[in-house]
Structure formats: C-alpha cells, structure tokens
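# Residue-level structure breakdown
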Amino acid sequence: RIHHEVPNLMTFLYKNNRRTTNTTKTLYNAVVIGLGGVGSFALKALASSMKHRNHYHPDSSNNHHSKLLLGIEQFTRGHSFGSSHGESRIYRHAYFEHPGYVPLIRYSTSVFQAMQKRAGKEIIRECGTLIMEDGTGYYDNCDASIIRSCLKSAKVYGLDVELLSNQELKERFPQFSFRGNNDIMGLLEHEGGFVRPEVAIECALAEAEEDGSKIWEESVVECIEEEEDRDRVKIILRNRPGDSGDSKVIYARNVIVAAGAWASRLIPQWKHLLRVTRQIQGWVDVSKVPERSTLYSSENFATWLLSTSSLRQPFYGIPSTESDCREIKIALHGRDVSVDPNLRNPKVTKEEKEELECAFHTYFESTEKLQISRTKSCMYTMTPDEHFLVGKPCGSSRIHAVAGLSGHGFKMVPALGKIMADSVMGHKFDAYTSDFLNPSRFS
C-alpha cells in the first residue's frame with residue numbers, strides 16, 4: 001500500500017508547490033506597449049521596416065520568425081478610455097506651440113493622406129483651421145500672442161496663412177458672435193482640417209498585422225525590467241480573470257512604451273513629469289437649423305480655436321464631419337482637473353456639460369434652439385512645459401518611449417511612431433531635427 005501511495009503523494013506535492021510562472025521562450029525583436037495613436041503607428045512603422053529588411057517573414061511557418069514583433073493593448077483596439085478617441089481631431093501646421101513641431105506635422109499629414117488612399121476610408125479632411133484671439137497681444141508685439149507664434153512658424157516653413165481683421169471674421173464666419181468684442185482677430189490656415197482618430201488607428205493596426213506583427217488585446221503590462229547583462233527587456237503581464245498561476249513573462253530585445261495616461265506606471269523615471277487631466281468633448285445638434293449646410297458643413301466652415309481673456313481655457317471646435325451635417329463638435333482645451341486614469345469614469349457630469357454650454361452660447365450666433373446632444377470625456381497627459389517627452393528614459397538603452405502629449409499630439413502620431421521605430425532600428429528620423437522634446441531637458 002505504501003509502495004503505491006508514495007509516488008502519488010510526491011506527484012501531488014510537486015504539482016501544488018512548484019512555481020507556475022508562464023514564461024515564453026520567444027525573444028521578440030520588439031514589443032510595443034499601448035496601441036493608441038503613437039503605439040499603433042509605431043507598430044506599423046516597425047512591421048514595415050522589419051519586413052523590408054528581411055528581418056521578418058510573416059508567411060513563414062517557423063515559429064521564431066512569426067513572433068518577432070508584438071503589440072500589447074490593455075483594453076481593446078480603438079477603445080475610448082484614453083486620449084485617442086472622439087471621432088475627430090484638429091490638425092494644423094502653422095504651430096504656435098513651437099516651430100519645431102512643423103516637420104513632424106507635415107510628415108504625419110502625408111502619412112495620413114497616403115494611408116487614406118490605400119484604405120479607401122476617410123482618415124483626414126482639409127477644411128482649413130481658424131485661430132482667433134484678442135488682437136491686443138498681437139498689436140502690442142507680445143510674445144504670448146498665439147497668432148504671432150503661428151506667423152513665425154508659417155514664415156519659417158512657407159505655410160499658406162491669412163490674417164483676418166475683426167470685420168473680416170464677422171463677414172466670412174457668421175457662425176461666431178463676439179458680443180461687441182471688436183478686438184478679436186484671426187489667422188486662417190488653408191491647409192488645416194481634421195483627422196479621424198479611430199479610423200487612423202484601425203488602419204495602422206491593420207497594416208501592421210498585414211506585415212506580420214501580432215497583437216494582444218486586453219493584456220495589462222504590470223512592469224518592464226531591462227536586463228543589461230542579457231541584452232533584453234523582461235515584460236511582466238497581469239493575469240486575466242480566471243487565469244491560474246503566476247503572471248505571464250515575455251522578453252524582447254527592445255520595448256516601445258506608448259501607454260498614454262498610464263505611462264508613469266511603466267516609466268517611473270518620468271512619473272514626476274506627468275500629470276493626467278480630465279477633458280470634456282461635446283457635440284451640438286444643428287439638424288434643426290435650416291441653413292446648417294451653409295453654416296456648419298466642412299465645405300463652408302473651418303476647424304477653429306478661440307483664445308480670449310474671458311475664457312479660462314481656449315475654446316475649439318470642428319465642423320460637421322458627416323454629409324447630413326447633423327452635429328458640430330466643441331471642447332475646452334486644457335481643463336486643469338487632475339484625474340486617476342485607473343478610476344475610469346467616462347460619464348460627463350451636469351457641471352462639466354454646463355462649462356461647454358456657457359462657452360458655446362457666448363461665442364456662437366443664434367444658439368437659442370441649439371443644444372449639446374451628447375458628450376464624452378477623455379484625458380490629457382501633461383508635462384510641465386506642455387511639450388512631449390520623446391526618447392529613452394534615463395538609464396535605459398532598450399526602452400524607447402513617448403509620453404506627455406499634453407493635448408496636442410494626435411496630429412503627429414505617425415511621426416512619433418516613426419521616431420520610435422527608427423530608434424529601435426538604430427536610424428535617425430529625417431524630419432526630427434530638434435532636441436526640444438528630449439526628456440533630458442528636465443535633468
């Protein structure tokens with residue numbers, strides 16, 4: 001009896017006391033963490049580069065070659081919990097934030113346009129971008145004037161812009177009401193417009209998969225550890241509900257972190273530089289306005305941003321993106337309300353909606369019958385100077401990261417993704433000519 005039971009006992013003890021860490025033996029060439037705007041385009045750029053350099057054989061039955069590139073998303077692709085949703089995003093080239101962004105935007109615009117042709121889906125639409133502000137700063141030659149800063153970028157890069165006086169604004173854009181404020185002036189960039197973020201991400205991930213990359217959805221990365229002595233990065237993933245055993249562990253030669261509002265969890269060196277804020281987007285129902293096609297369609301209306309002393313934050317919007325011209329989008333840029341990204345609360349409160357309604361009824365004409373029909377929340381990840389963090393965190397050689405896009409980054413995600421891919425491949429991105437986004441500026 002003892003002879004038969006001892007082996008069974010030893011088997012029981014072995015099965016129940018051994019560690020059950022789920023570790024893959026595959027060493028990925030690169031893993032991209034976060035598949036929002038930057039991550040999806042980084043994965044696309046990497047897949048294309050590796051394919052054309054014969055590092056990648058997507059049709060190969062060899063398991064080693066079929067898993068060289070991986071993208072990991074903690075939610076599902078195209079989710080609405082971060083900063084890469086909202087149906088439309090403004091793009092503009094005459095950039096008041098810094099002239100150094102212009103090459104990145106130009107490159108990104110060309111990528112969006114080329115992808116649109118390949119996909120046969122609308123990703124980007126040119127309808128112009130109108131910047132408006134109190135003219136006092138402009139005429140006083142104030143450095144804080146956003147129109148003066150736009151003109152500076154336009155002059156350096158030869159962009160097509162047009163200054164508009166208060167009277168010209170009223171004549172060409174009767175949608176706005178300036179309530180007797182005759183100081184407001186404008187700058188119209190004819191080559192601006194809007195991008196559809198969800199469609200752009202969908203197409204970028206589809207192209208990445210076509211070129212052989214793998215994608216894991218609903219997979220949360222707990223932490224990453226660079227193992228210098230073994231020339232690799234250890235990636236620890238949280239178990240999904242129902243999984244048994246320890247956390248899953250995979251390895252990669254290089255890791256790109258594009259985790260948006262969750263970046264500081266994976267890059268503790270940047271935690272003190274990143275602050276997540278809650279933003280509100282609204283859509284105004286204009287379907288009952290008889291002349292809505294004349295006023296609010298993208299053929300007759302531009303994307304716009306208004307900054308005045310009476311507004312706590314700039315007020316911006318996008319014309320109708322649909323053929324039936326039923327809605328226009330509005331939002332306040334840069335609400336200073338900190339939020340924990342792990343406490344998902346997408347529902348917009350009554351008070352938050354009233355913030356938008358106040359700005360809309362102040363600066364739009366004939367709003368008595370117009371109402372905000374729906375709202376969405378999103379997040380900005382802010383840096384102290386509101387410029388991006390692009391590069392390798394201090395002490396890292398195989399971790400490449402983008403974070404802190406500060407509410408103005410989606411128009412540049414193809415360029416930022418390409419910068420990350422080139423960093424992994426050991427290349428220099430041609431359009432990236434400035435170090436003003438280098439994280440070392442805060443050292």
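Before any of the text, the structure's been laid out above.
Note that the structure is predicted; figures quoted are calculated from it, not measured.

## Here we look at empty space enclosed by the protein
Over the atoms, a rolling probe the size of a water molecule traces out where space has been left empty. One pass over the full model with this rule turns up 2 cavities of 30 Å³ or more. As a volume, the second largest cavity reaches approximately 140 Å³. In this structure, the second largest cavity is lined by 14 residues; those nearest its centre are F81, N345, P346, S377 and M379. In terms of residue count, strand β17 (residues 371–382) provides more of the lining of the second largest cavity than any other element does, 3 residues in total. When the residues that make up the lining of the second largest cavity are grouped by side-chain class, the tally is 7 nonpolar, 4 polar and 3 charged.

## Regarding the sheet that holds strand β14 (residues 303–307)
An order of β6-β7-β5-β14-β15-β16-β13-β17 is seen for the 8 strands of this open sheet, with the pairing classed as mixed. With one partner strand each, in any of the chains shown, β6 (161–164) and β17 form the two edges of the open sheet. Taking each pair of neighbouring strands and ignoring which way they run, the sheet shows an average axis angle of 20°. Where strand β15 (residues 315–318) lies against strand β16 (residues 327–332), 4 bridges are found, and the strand directions are antiparallel. By the bridge assignment for β16, G317 is matched with I330.

## As for the side chain of D422
Note that D422 resides in helix α12 (residues 413–425). With sequence-adjacent residues up to four places away left out, D422 is seen in contact with H427, K428 and F429.

## What about unusual backbone geometry?
Trans peptide bonds make up the majority, and among non-glycine residues the majority have a negative phi. A positive phi is found at E87, a non-glycine position, where the angle reads about 75°. Counting through the fold element by element, E87 comes out in the loop between β2 (69–72) and β3 (89–91). Judged by relative accessible area, E87 falls into the partly exposed class, the value being 25%. Positive phi is not limited to glycine here, since S406 has a value of about 55°. In this structure, S406 sits in the loop between β19 (399–403) and α12.

Cut-off values and rules
Residues numbered from 1 in each chain as written. Predicted model: local features only at pLDDT ≥ 70, side-chain atom pairs only at ≥ 80, totals over all residues. Heavy atoms only, no water. 1 Å grid on protein atoms, 1.4 Å probe; cavity = no way out; pocket = protein on both sides within 12 Å on 5 of 7 lines; lining within 4 Å. Points joined across faces, edges and corners; volume = space filled by probe spheres on them. Helix = DSSP H or I, 4+ residues; strand = E, 2+ residues; numbered from the N terminus. Nonpolar A, V, L, I, M, F, W, Y, C, P; charged D, E, K, R; others polar. Pairing = 2+ DSSP bridges. Axes fitted to C-alpha atoms, helices over the stretch in contact; angles between N-to-C directions. Contact = heavy atoms within 4.5 Å. Buried < 20%, exposed > 50% of the residue type's maximum accessible area, 1.4 Å probe, protein only.

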